[in-house]
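Notes for the structure review
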Amino acid sequence: MEATLLGPFTPSIQGGPAAADAAIGTGASAVIAHNDLLAIGALRRFAERGVQVPADISVVGFDDIFGADFCAPPLTTVSGPLEAVGRTAVDLVLSSLQKAGRTATQQLRAPAHLVIRGSTGPVSERTSHT
């Protein structure tokens, strides 16, 4: 198994078709999108092109937005406490501004979990679409 970085693509529904087309061109078995909007745009393009999700390719988004489960098929996504992460990032920026002149690297970890829905499936069930 190998991963290939494609893009950059605009992290929006409008960026999804280009990402899907690029993935089709590589014969990828899965697409992991920057966010759910990009993944939803890719789902739409795959449907337009007759590529069946998840039978031909799996799609995973990130951020579990409202409506991710309304897609056809419902979008598998990574979910986490995005509001808390954003708040912590702002606090770190404000803290570093107060300590002008000193720079430090700080690593933060946030809990996340995979919300498995209908847009992913086993590779063994797939047929080649290239």
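Below is a summary of the structure that appears in this document. (Residues numbered from 1 in each chain as written. Predicted model: local features only at pLDDT ≥ 70, side-chain atom pairs only at ≥ 80, totals over all residues. Heavy atoms only, no water.)

1. A word on the side chain of Thr76
Relative to the assigned elements, Thr76 resides in strand β3 (residues 76–79). At a separation of 3.0 Å, a polar atom in the side chain of Thr76 contacts the side chain of Thr120. (Helix = DSSP H or I, 4+ residues; strand = E, 2+ residues; numbered from the N terminus. Polar contact = N/O pair within 3.5 Å; in protein donor to acceptor, adjacent residues only side chain to side chain.)

2. Some words on helix α1 (residues 16–26)
For the α-helix, the turn length of 3.6 residues means that residues three or four positions removed from each other point alike. Every buried residue of α1 is accounted for by Gly16, Ala19, Ala20, Ala23 and Ile24. Taken around the axis of α1, the buried residues stretch over an arc of 135 degrees, which confines them to a single face. Contact partners of the buried residues in α1: β1 (30–32) and α2 (36–48). Phi for Gly27, located one or two positions after α1, is positive at around 75 degrees. (Buried < 20%, exposed > 50% of the residue type's maximum accessible area, 1.4 Å probe, protein only. Arc of directions from axis to C-beta. Contact = heavy atoms within 4.5 Å.)

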